[in-house]
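Observations on the model geometry
These are the residues of each chain, in order.
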Protein chains: 2
Amino acid sequence: MLEILDLSRKLDPETARVERRRLGEELARLQRAAFVHGLPALFVFEGLDGAGKGDSLAHLVEWLDPRGFQVHAPRGPSEEEALRPAWWRFWLRTPPRGGLALFDRSWHGELVQRRLDGTLDDAAWERALAQTREFEQQLAADGTVVVKFWLHVSREEQKRRVRAWAKDEHQRWRAELARERREHGRKETLRVVEEVLARTHVPEAPWVLVEADDDQWRRVGVMRGAADALRRGLAARGVTVADPSAPDRAAVSPPVAPTPDTLPPGFAIPVDSPLARADLSLRLDKADAQRELAAAQARLRELEFTCYARRQTTIVAFEGWDAAGKGSAIKRLIGELDPRGYAVIPVAGPTAEEKAHHYLWRFWRDLPKGGHLAVFDRTWYGRVLVERVEGFAGEEAWRRAYREINEFERALTEAGVVLVKFWLHVSPEEQLRRFRAREANPDKRYKIVPEDWRNRARWPQYVEAVGDMLRQTSTAAAPWAIVEAEDKPYARVKVLRTVVDALERAVGRDAKS
Amino acid sequence: MLEILDLSRKLDPETARVERRRLGEELARLQRAAFVHGLPALFVFEGLDGAGKGDSLAHLVEWLDPRGFQVHAPRGPSEEEALRPAWWRFWLRTPPRGGLALFDRSWHGELVQRRLDGTLDDAAWERALAQTREFEQQLAADGTVVVKFWLHVSREEQKRRVRAWAKDEHQRWRAELARERREHGRKETLRVVEEVLARTHVPEAPWVLVEADDDQWRRVGVMRGAADALRRGLAARGVTVADPSAPDRAAVSPPVAPTPDTLPPGFAIPVDSPLARADLSLRLDKADAQRELAAAQARLRELEFTCYARRQTTIVAFEGWDAAGKGSAIKRLIGELDPRGYAVIPVAGPTAEEKAHHYLWRFWRDLPKGGHLAVFDRTWYGRVLVERVEGFAGEEAWRRAYREINEFERALTEAGVVLVKFWLHVSPEEQLRRFRAREANPDKRYKIVPEDWRNRARWPQYVEAVGDMLRQTSTAAAPWAIVEAEDKPYARVKVLRTVVDALERAVGRDAKS
């Protein structure tokens, strides 16, 4: 299969940019449709060292809603995993309906490695191939889209890349790892790879081979493969996803009548609220913001590697008004990060299992591993916000929660975790403008739901709850940052910079990994 | 606190037996009420080596429904745990509403050990005590019953026990461990223990001190402490649990009118069903059964240790007709086992998270660790039984499931797991007799629900589904055992013996750990 690939294929940067944007926007629509229709998907990335697995992943997730995918980078079984049957750790990572699981290396890479190392005799090898097919077919039969990417790189290009790693202090460890793996030789390795590809290439879980010598060609190839797979998966369920630029789009999405405003008449933020001090006139010129954002993102990426190397864990907690821009701030925050180093945790109403435990239980459960970054899109503060305002928690319970939360956060910061907490603040007037804009845009209309209008009617209660929260849970080790979010560019830059500052304070301003 | 204990306290075996039965029956009622009213409870067992923590636990759970408790024996943080803040692994093990978590050693034992080892300076020690109080108080404030048992043993008795371990080949490792721990000396150790007890003895999470030199006294003391705690926890919620032997009991539980039988008229098991071959006249004399049961339980306990030492994992899967006696067979199966070595996994309708995954996902997730025993009370066969009969799974899906399940089980047995599958079979007539007996008994009436009568109406469909299941999933590595369960003593002995046989085949008939 691999010999027919033409590794000289290239795309010029401008064509690639246009194509990536087109595919990226489609992928975002497909992901949303997959979520709505409960379609799970599992993508595997395999390839020789230097083929560009991590980079392909990063360029793919750039377009996706971070609340809808999980990146897995399994490396050898852990202590716990080694005590279970071999497939346990992969079964546990299969995506839920509507979710997307992305594997940077997988059971396939391990299979190749074990065969090369000689730990699989012919019978075990046959059996392992059968188990692999079985695993993927069971998922596919259950409705999961399963697609596997083999990124193929030439001998010359691979050598060049590994040499480049060796010269980069951040990447040197990768070069060393690659050299170790080289002991089996390219020819022998590819012989085994070929056999795995051929024998696990089934209609329900196909391999997509991508020429990977040219970065642009590879990135576009991966995005196209991903979009094709999701599109087919949705089509099999009778779902087609319309392109909003299609001419007949307006006809199928007629404008909706604006909902009457629900804000209590005459409402204004009381002057004694901590929110009243936020200067909502703060703005940033778009070009300046772009520049500052890019610089901060680049710095954060460096810090991500430094933190990983030093086992420095980070938690970023987002709260704020509906439509204050949490989602887009999170997107910018993680925009340039290696997706293997972070997870975005969307917090919605608790599941039955979560409800059966202490309200902090699920946040304890979701704490990141040492060296990783977790971004909580809404947080444990729900206890003193929505649960208080809606009466889901009794007064005694939410009053007690300030101390409990302070203790929870103290346990984190004492364990060395960097904890950054954001309240994204907009005026009620700006919120209304954003609600209206969403109503008017058929592609964004899904973002505005009746609950948003109900919450808006409760601004007075929420302002009080937010004020109490800010006053009682802003501690030295875990202070709140109020983000003036009336101007989106300003808010995004402030978020990025606040996180960068906090990490630089933790690991040192000149820290490199 | 400890000096006031009178370690010469004793109970004669007959008084203890009567008292244990009385408390045990009350504990069973209290546990059921806690489940119904969603009351969570957490019991901690601490004490010096040889104090009898494991034995106390075993004598406590003997009376409990194994589906309602979990035993945790935390030993140092694992690789995964060490990458999270220290309390993560304990928060994850907090009980759900209605559940009971039992800790054989806990954060308290670790705290004592770290203080003795000198790894906690005064500030860290103060902080750790504060965190301990905080953790327990947060749970208590959320409604969890938190009780901590300190089992206190005299120097002489402890020495005697450790010497006895050293002479027993099964227990020698415990003697060695205890000797290592002795390096700090009893006096120094108890000084630290005293401080932990005093400073974490709060009304919402009290210590119960139990004199442990006499086994009988200790067992009764622990059971009484547990019953008192649950009774108080329920009373705080306004729930009182009536003793069925109380004279006014009949007045509050009037007899109910028998439900009309729902079995289709004229139904009989078709002769071509694999169930038709079961000889339901098989019986065992009660005394014989008792003797055989005791012998098999003792042997199984030996095998439990052997399997633990050899990392031999076991899974026992129970399916069968409603009222066929699954619950009581499971109780006998685990009756003499060390509760730290097994878990009973009750399988009910899937939660939202489970529904969002492949139907086998939750069974993969719940696979036991190497060396442990998992008992599934109902299983993955739900796919081809209730899901088929009730139409929750489409025909294509349940037909596919036979292969999927065979592959799942093959993955287990190939990984070395011993897998035993039971179908507990009774006649429709015997089922009716048992339903009627439950209706007539106020204490068992909760066990019979309208769903049981609905299922009974579907005997013909179930007989067909069971027949297909037995024919298509009885494989060489994972055969079905049909248990003739018309006579309960016979069924219980057959279950025990089948498991013992399977394990002896796996580890050798003369195996000792």
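Residues numbered from 1 in each chain as written. Chains lettered and ligands numbered in written order. Predicted model: local features only at pLDDT ≥ 70, side-chain atom pairs only at ≥ 80, totals over all residues.

Let us now look at the overall build of chain A. If you tally the helices and strands in chain A, you get 21 helices and 10 strands. Every one of the 513 residues in chain A was classed for burial, and the buried ones make up 37%. Expressed as a percentage of contacts within chain A between residues at least 6 apart in sequence, the contacts between residues at least 24 apart total 84%. (Helix = DSSP H or I, 4+ residues; strand = E, 2+ residues; numbered from the N terminus. Buried ≥ 20, exposed ≤ 12 C-beta atoms within 10 Å, placed from the backbone. Contact = placed C-beta atoms within 7 Å.)

Another aspect to go through is helix α7 (residues 155-167) of chain B. Residues and elements named next belong to chain B. With 13 residues, α7 extends 19 Å between its outermost C-alpha atoms, agreeing within 8% with the 18 Å of an ideal straight helix rising 1.5 Å per residue. For α7, the complete set of buried residues consists of Q158, R161 and V162. One side of α7 carries all its buried residues, which in axial view fall inside an arc of 95°. Exposed side chains of α7 directed beyond 90 degrees from the buried face belong to E156, R163, A164 and K167. (Expected span 1.5 Å × (residues − 1). Arc of directions from axis to C-beta.)

Moving on: the interface of chain A and chain B. Each partner contributes to the interface: chain A provides 39 residues, whereas chain B provides 39 residues. If you list the elements that add at least two residues to the side of chain A that touches chain B, you get α3 (79-82), α4 (88-91), α6 (122-141), α14 (352-355), α15 (361-365) and α17 (395-414) of chain A. Its residues assigned to classes, the side of chain A that touches chain B shows 19 nonpolar, eight polar and 12 charged. (Nonpolar A, V, L, I, M, F, W, Y, C, P; charged D, E, K, R; others polar.)

Once chain A is rotated about the relating axis by 180° and shifted along it by 0.0 Å, it coincides with chain B to within an RMSD of 0.0 Å. Expressed as an axis order, the relation between the two copies is that of a two-fold axis. Within chain A, the C-alpha atom positioned nearest to the axis of rotation is that of E79(A), 3.3 Å from it. Interface overlap between copies: 100% of the residues of chain A at the interface are likewise at the interface in chain B, consistent with a symmetric, same-surface contact. (Least-squares fit on C-alpha atoms with pLDDT ≥ 70 in both.)

Before going further, it helps to spend a moment on the sheet that holds strand β7 (residues 342-346) of chain B. Residue and element names in this part refer to chain B. Strand order in this open sheet of five strands is β7-β8-β6-β9-β10, and the pairing throughout is parallel. Each edge of the sheet is formed by a strand with only one pairing partner; in this case those strands are β7 and β10 (480-484). Taking each pair of neighbouring strands and ignoring which way they run, the sheet shows an average axis angle of 20°. As paired strands, strand β9 (residues 418-425) and β10 are joined by five bridges and run parallel to one another. The partner of H425 across the bridge, within β10, is E484. (Pairing = 2+ DSSP bridges. Axes fitted to C-alpha atoms, helices over the stretch in contact; angles between N-to-C directions.)

Attention now moves to the confidence of the model for chain A. On average, residues of chain A score 92 in pLDDT, and 97% of them reach the 70 mark or higher. The ipTM, which scores confidence in the relative placement of chains, is 0.82 for this predicted complex, and the corresponding pTM is 0.85. (pLDDT = per-residue confidence, 0-100.)

Let us now look at the environment of V344(B). Within the secondary structure layout, V344(B) lies in strand β7. A C-alpha to C-alpha distance of 7.0 Å links V344(B) and D377(B), two positions 33 residues apart in sequence.

Turning next to the environment of W125(A). All names here are of chain A. Of note, W125 is situated in helix α6. Sequence separation of W125 and A34 is 91 residues, and the distance between their C-alpha atoms is 35 Å. Excluding its chain neighbours within four sequence positions, the residues that come into contact with W125 are R115 and L120.

Within the largest apolar cluster, 117 residues are counted, with the highest numbers of intra-cluster contacts made by F43(A) and L424(B). Apart from the residues lying within four places of it in its own chain, the contact partners of F43(A) are L102(A), F103(A), V147(A), F149(A) and A226(A). Counting 116 residues, the second-largest nonpolar core is a separate cluster that includes M469(A), V493(A), L64(B) and F69(B). (Core = buried A, V, L, I, M, F, W, Y, C linked by C-beta atoms within 7 Å.)

This part is about unusual backbone geometry. All names here are of chain B. One non-glycine residue, R105, lies in positive phi territory at about 70°. Here R105 lies in the loop between β3 (100-104) and α5 (107-117). The backbone of R311 sits at a positive phi, close to 60°, despite the residue not being glycine. When you line up the elements, R311 lands in the loop between α12 (286-310) and β6 (314-320). The exposure class of R311 is exposed, given the 12 C-beta atoms found within 10 Å.

When the parts of a complex come together, some accessible area is lost, and that lost area is often used as the size of the interface. All names here are of chain A. The domain architecture assigned to chain A consists of domain 1 (2-236) and domain 2 (274-507). Between domain 1 and domain 2, the C-alpha centre-to-centre distance is 32 Å. With 12 residues of domain 1 at the contact, the number on the domain 2 side is 12 residues. Put simply, the parts of the chain that give the side of domain 1 that touches domain 2 at least two residues each are α2 (53-61) and β2 (69-72). If you tally residues by element for the side of domain 1 that touches domain 2, the top one is α2, at four residues. When grouped by side-chain class, the residues that make up the side of domain 1 that touches domain 2 number six nonpolar, three polar and three charged. (Domains from an automatic or database assignment.)

The next subject is the packing of helix α1 (residues 13-36) of chain A against helix α10 (residues 215-236) of chain A. All names here are of chain A. It is the contact of α1 with α10, at a shortest axis distance of 9 Å, that shows an interaxial angle of 25°. In this view, α1 runs roughly parallel relative to α10, as classed from their interaxial angle. Helix-helix and strand crossings are classified by hand; for α1 and α10 the assignment is left-handed. Of α10, the residues touching α1 (which contributes P13, A16, E19, R20, L23, G24, E26, L27, L30, A33 and A34) are Q216, R219, V220, M223, R224, A226, A227, L230, R231 and L234. (Parallel < 35°, antiparallel > 145°, perpendicular 65-115°, else oblique. Left-handed = near helix turned anticlockwise from the far one by under 90°.)

Attention now goes to the environment of P74(B). All names here are of chain B. Within the element layout of this structure, P74 appears in the loop between β2 (69-72) and α3 (79-82). For P74, a count of 17 C-beta atoms within 10 Å translates into the label partly exposed. Discounting residues that sit within four places of it in the chain, P74 has contacts with R89, R105 and S106.

This part is about the packing of helix α7 (residues 155-167) of chain A against helix α8 (residues 172-181) of chain A. Residues and elements named next belong to chain A. Two numbers describe how α7 lies on α8: the axes approach to 6 Å, and their chain directions differ by 135°. Classed by the angle they form, the pair α7 and α8 counts as oblique. Along this stretch, α7 crosses α8, giving a crossing that reads as left-handed. Together, V162, W165 and A166 of α7 and R172, R174, A175 and A178 of α8 make up the contact between the two elements. Considered class by class, the residues forming the contact of α7 with α8 number five nonpolar, no polar and two charged.

What follows covers the sheet that holds strand β3 (residues 100-104) of chain A. Residue and element names in this part refer to chain A. Reading across the sheet, the five strands line up as β2-β3-β1-β4-β5 and stay open at both edges, with parallel pairing between neighbours. Taken across any chain shown, the strands that pair with only one partner, and hence form the sheet edges, are β2 and β5 (207-211). Going from strand to strand, the sheet's axes swing by 20° on average, the running direction of each strand aside. Where β2 and β3 come together, four bridges link them in parallel fashion. Note on β3: the bridge partner recorded for F69 is L100.

Residue and element names in this part refer to chain A. Across five bridges, strand β6 (residues 314-320) lies against strand β8 (residues 373-377) in parallel orientation. When the sheet's bridge partners are listed, V316 is paired in β8 with V375. Here strand β7 (residues 342-346) pairs with β8 via five bridges, running parallel. Its bridge partner being in β8, P346 is matched across the sheet by D377.

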